[in-house]
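For reference, the chains in residue letters:
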Amino acid sequence: MSDFTFGPAMLFCPGDRPDRFEKAAERSDTVILDLEDAVGPDKKADARSAIASAALDPARTVVRINAIEAGMLADDLEAARAFGATTIMLPKAERVADIDLCEGFSVIALVETALGVADVRAIAAHPSVVALMWGAEDLVASLGGTSSRNKAGEYRDIARFARASMLLGAKAQGKAAIDSIRTDIADTDGALAEAQDAAASGFDAKACIHPSHVAPYREAFAPSADDVAWAVSVLEAAEAHAGGVFNHQGRMIDEPILRHARAVMSRASN
């Protein structure tokens, strides 16, 4: 199991921009050094070299390698090992055999194709997988679509299905779940609302491509003072009862509600 820990805001940083590595780490809870989408084909070797010599904390750093089908696995893993990474992110994870090829690392499986979504539970069950993430744009592209969102900026049904499937698959296997990036960098209000929904739904973190989304993500995943006060009162009231359902401040409280309260307190302590 990985010694890697992450907070709510995970920030991607291009692997060929070592001048940004330290700033990305300072501004986020976890930095994801990217060898895939953020790096052009002619810059892959430079990115591997930069990552191999990066002076970052491996416990707060993930290396996103290229997809298996790209044929760069050996070189990517060699760079990750040279850096000292314990955790890598595997894009376009589609089958258990893909995870097997990443031996020696804990894996964040990025599920972003039709096949990956269809097989998400088996992927989540792999012992090397510590977390799952989903990707909207690659998923829709794999289906032959053109956009994951409608004109109102809301996810289309297929994207919402994939998001829910990944969350359910991850949690069914006791693994962490990471919500997808938001491509609209300027819309910090939208980023906050989306992250609030992710936190309320059970996601453990959300990835971003720009530092401006770190603050709203942290705000969304940190319970408010009112949330904490409610959770404390509910849990204290539960101690006065011998189990079962009870009434508290006009609301029925049973075990699922108590688990909600415990989740609030868990996030408050992080």
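Throughout what follows, the structure given in this document is the object of discussion. (Residues numbered from 1 in each chain as written. Predicted model: local features only at pLDDT ≥ 70, side-chain atom pairs only at ≥ 80, totals over all residues. Heavy atoms only, no water.)

Per the secondary structure count, the protein chain includes twelve helices and ten strands. For the protein chain, the spread of C-alpha atoms along the principal axes amounts to about 65 × 40 × 40 Å. Here the protein chain, with 270 residues, has 48% of them falling under the buried criterion. Considering only contacts within the protein chain whose residues lie at least 6 apart along the sequence, 62% involve residues at least 24 apart. For the protein chain, the accessible area works out to roughly 12700 Å², and carbon and sulfur atoms hold 52% of it. Across the protein chain, the centroid of the 27 positively charged side chains sits 2 Å from that of the 40 negatively charged ones. (Helix = DSSP H or I, 4+ residues; strand = E, 2+ residues; numbered from the N terminus. Buried < 20%, exposed > 50% of the residue type's maximum accessible area, 1.4 Å probe, protein only. Contact = heavy atoms within 4.5 Å. Areas by Shrake-Rupley, 256 points an atom, 1.4 Å probe, with all protein chains shown as cover. Lys, Arg positive; Asp, Glu negative; His and termini not counted. Charge placed at Lys NZ, Arg CZ, Asp CG, Glu CD.)

Burial along strand E3 (residues 61-64) is two-sided: Thr61 and Val63 and Val62 and Arg64, pointing in opposite directions, are all buried. Here four bridges tie strand E2 (residues 30-34) to E3, and the two strands are oriented parallel to one another. Of the residues in E3, the one forming a bridge with leucine 33 is valine 63. On the question of chirality, the crossover connecting E2 to the parallel E3 by way of helix H2 (residues 44-52) is right-handed. Across two bridges, E3 lies against strand E4 (residues 87-90) in parallel orientation. What sits directly across from arginine 64, in E4, is methionine 89. For the handedness criterion, the β-α-β arrangement of E3, helix H3 (residues 73-83) and E4 is classed as right-handed. (Pairing = 2+ DSSP bridges. Right-handed = clockwise from strand over helix to strand, strands pointing away.)

This paragraph deals with helix H11 (residues 225-239). In a regular helix each residue adds 1.5 Å, so 15 residues correspond to 21 Å; H11 covers 21 Å between its end C-alpha atoms and thus fits that length. For H11, the complete set of buried residues consists of Ala231, Ser233, Val234 and Ala237. In an axial view of H11, the angular spread of the buried residues amounts to 165°, which keeps them on one side of the axis. Along H11, the residues that are exposed and aim more than 90 degrees away from the buried face are Ala225, Glu236 and Glu239. (Expected span 1.5 Å × (residues − 1). Arc of directions from axis to C-beta.)

Assignment of secondary structure puts alanine 177 in strand E7 (residues 176-179). Note on alanine 177: relative accessible area 0%, which makes it buried. Note: C-alpha distance between alanine 177 and alanine 124 (53 residues apart in sequence) is 10.0 Å. When sequence neighbours within four positions are dropped, the list of residues in contact with alanine 177 reads Leu132, Met166, Leu167, Ala170, Lys171, Phe203, Asp204 and Ala205.

What follows deals with unusual backbone geometry. We note that lysine 92 has phi near 50°; this positive angle belongs to a residue other than glycine. By the secondary structure assignment, lysine 92 is in the loop between E4 and helix H4 (96-100). At glutamine 249, a position not held by glycine, the phi torsion is positive, near 55°. Of note, glutamine 249 is situated in the loop between strand E9 (246-248) and strand E10 (251-253). Judged by its relative accessible area of 65%, glutamine 249 falls in the exposed class.

This brings us to the sheet that holds strand E6 (residues 129-134). Strand order in the closed barrel formed by eight strands is E1-E2-E3-E4-E5-E6-E7-E8, with parallel pairing between adjacent strands. Neighbouring strand axes in the sheet, compared pairwise and without regard to direction, differ in orientation by 25° on average. As paired elements, E7 and strand E8 (residues 205-208) share two bridges and run parallel to each other. Bridging across to E8, aspartate 179 finds its partner in lysine 206. Running over the sheet, helix H1 (residues 18-27) touches strand E1 (9-14) and E2 and is turned about 175° from E1. (Axes fitted to C-alpha atoms, helices over the stretch in contact; angles between N-to-C directions.)

The next thing to look at is the pattern of salt bridges. For the coordinates displayed, the defined rule picks out 20 salt bridges. Among the salt bridges present, the one from arginine 17 reaches aspartate 19, with a minimum N-O distance of 2.7 Å. Among the residues examined, arginine 17 registers a relative accessible area of 30% and is labelled partly exposed. With a relative accessible area of 49%, aspartate 19 lands in the partly exposed category. Between arginine 64 and glutamate 36 there is a salt bridge, with the nearest N and O atoms lying 3.3 Å from each other. (Salt bridge = Lys/Arg side-chain N within 4 Å of Asp/Glu carboxyl O.)

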